[in-house]
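Below, each chain spelled out in residue letters.
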Amino acid sequence: MRFLPKANPLYEKVSANKIVIPDVLEKLGNGGFTGYIQHSAPEFEFFGIFAKGKLLCAVSGDDERSQTGFEAISLLFDKIITVGGEINVYRMTTDLAVCAHALAVGTRLFNGEEVRQVDIRGVMGRLKAQGANGVVRFYTPERSAMIFYKDGLTIGFYYDGAGSIESSPDESRRIAALPGACVEIRSTRTLDELMQYDLLQIVNLPKLWESARSRNTVPNQKEAAVADFSAPTLSEQKLLEIVDDLSEIASAYLSREGRAIIEKRIAERGGPSQLLDDAKRALFIAGVEADATACDSQARLGEMIDLMKSEIAARLAV
């Protein structure tokens, strides 16, 4: 149904029968997650795109028909109860989350025209002049590549199978040049405008979940699986993995000093278990931000902190 970047996976192929999906969505929201959650089942797919904990949009369905918003979440719940499926969670920066929003529910500027029939150079120029936020996607039945835009400027590239967001347009150009290649262009609003909307504040997830369960026959073994998973506990190993991920994020923005900051702040408040407590976690993040500002105030620290919050939220949710 949709082709979204899978460059920064947090969880992949988690059985939907082993989680309580309303709790997962709420924990992603409460933790300030940025990225998207995907559910896939035979002939069905769901995407929920988050930015700083706000559920910007939800879309679900198949190639023939799709639903958005409240209806998309309701359909997701029905599918999980009746057929199970798999859950994937992918992290993103807020800029890429805006682009994902464009792909999922954005305004269509081009919708499958052949590349050879479009003045691509002219189109790119108009996107720049208009300060567009969104995505240009080139595709064939076998290949797909995307160019991400923010305020009319390219901020990255991605193609099917890539392990990260690319800085080079080479693969996008190659796919655009393939025989029969088509182009899709979608745009959306700015992050500030999108952040005024939060599905999690509109939809009563527990009530919607109970309604879905009452509509569908739930096998006893599935109920047992959900009950067993309703109060998950994190092992020390899992907490150490979260700390290691935070260290990697910090080192990406602040080099060696970033890793040292994480180690210092984890050690001073009793170790990784502090990440399980909301108040202690907030103090940890505030301490990291203060140290990072003192280390290098010119670094993209807001983006770094958002990624850390998103990382913790997603890890604790699933």
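Report on the accompanying structure.

Cut-offs and rules
Residues numbered from 1 in each chain as written. Predicted model: local features only at pLDDT ≥ 70, side-chain atom pairs only at ≥ 80, totals over all residues. Heavy atoms only, no water. Axes fitted to C-alpha atoms, helices over the stretch in contact; angles between N-to-C directions. Helix = DSSP H or I, 4+ residues; strand = E, 2+ residues; numbered from the N terminus. Parallel < 35°, antiparallel > 145°, perpendicular 65-115°, else oblique. Contact = heavy atoms within 4.5 Å. Nonpolar A, V, L, I, M, F, W, Y, C, P; charged D, E, K, R; others polar. Phe/Tyr/Trp six-rings, centres within 6.5 Å; stacked < 30°, edge-to-face > 60°. Buried < 20%, exposed > 50% of the residue type's maximum accessible area, 1.4 Å probe, protein only. Lys NZ or Arg CZ within 6 Å of the ring centre and 35° of its normal. Core = buried A, V, L, I, M, F, W, Y, C linked by side-chain atoms within 4.5 Å. Pairing = 2+ DSSP bridges. Polar contact = N/O pair within 3.5 Å; in protein donor to acceptor, adjacent residues only side chain to side chain.

Quick look at the packing of helix H1 (residues 21-30) against helix H2 (residues 69-83) now. At their nearest, the axes of H1 and H2 sit 11 Å apart, and the two run at 135 degrees to each other. As summarised for this structure, H1 and H2 are arranged oblique, according to the angle between their axes. Mapping the contact onto sequence places Ile21, Pro22 and Leu25 in H1 and Leu76, Phe77 and Ile80 in H2. Its residues assigned to classes, the contact of H1 with H2 shows six nonpolar, no polar and no charged.

Within this structure, the stated rule accounts for five aromatic pairs. A ring pair is formed by Phe33 and Phe50, whose centres lie 5.8 Å apart and whose planes are at 65 degrees; its orientation type is edge-to-face. Residue Phe33 is found in the loop between H1 and strand E2 (35-41), and its partner Phe50 is found in strand E3 (residues 44-51); the two are separated by 17 residues along the sequence. The pair formed by Phe33 and Phe50 is uniform in burial state, with each residue classed as buried. Following the ring pairs from residue to residue traces out a cluster consisting of Tyr36, Phe47 and Tyr90. Stacked on the ring of Tyr139, the Lys or Arg Arg137 has its end atom at 4.3 Å from the ring centre. A cation over an aromatic ring shows up here: Arg315 above the ring of Tyr11, its NZ or CZ 5.6 Å from the ring centre.

Further remarks concern the nonpolar core. Membership of the largest hydrophobic core comes to 36 residues, with the highest contact counts inside it found for Ile21, Ile37, Ile73, Phe77 and Val89. Take this core: its biggest share by element is six residues, from H2. Filtering out sequence-adjacent residues up to four positions away, Ile73 remains in contact with Phe46, Leu55, Ala58, Leu199, Val203, Leu205 and Leu208. Formed by 26 residues, the second largest nonpolar core is a distinct cluster that contains Leu4, Tyr36, Ala100 and Leu191.

Before going further, it helps to spend a moment on the pairing of strand E11 (residues 182-188). Most of E11 sits inside the fold, with seven of its seven residues counted as buried. Alternating residues of E11 divide into Cys182, Glu184, Arg186 and Thr188 and Val183, Ile185 and Ser187, and every residue in both groups is buried. In the sheet, strand E7 (residues 107-114) pairs with E11 via six bridges, with the strands oriented antiparallel. Within E11, the position partnered with Glu114 by the bridge is Cys182. The pairing of strand E8 (residues 133-139) with E11 spans seven bridges and is antiparallel. By the bridge assignment, Asn133 is partnered in E11 with Thr188.

Within the secondary structure, Arg315 sits in helix H13 (residues 301-317). Since its relative accessible area comes to 10%, Arg315 is described here as buried. For Arg315, the side chain forms a polar contact with the side chain of Asp245, separated by 2.6 Å. Setting aside its immediate chain neighbours within four residues, Arg315 contacts Leu10, Tyr11, Lys238, Glu241, Ile242 and Asp245.

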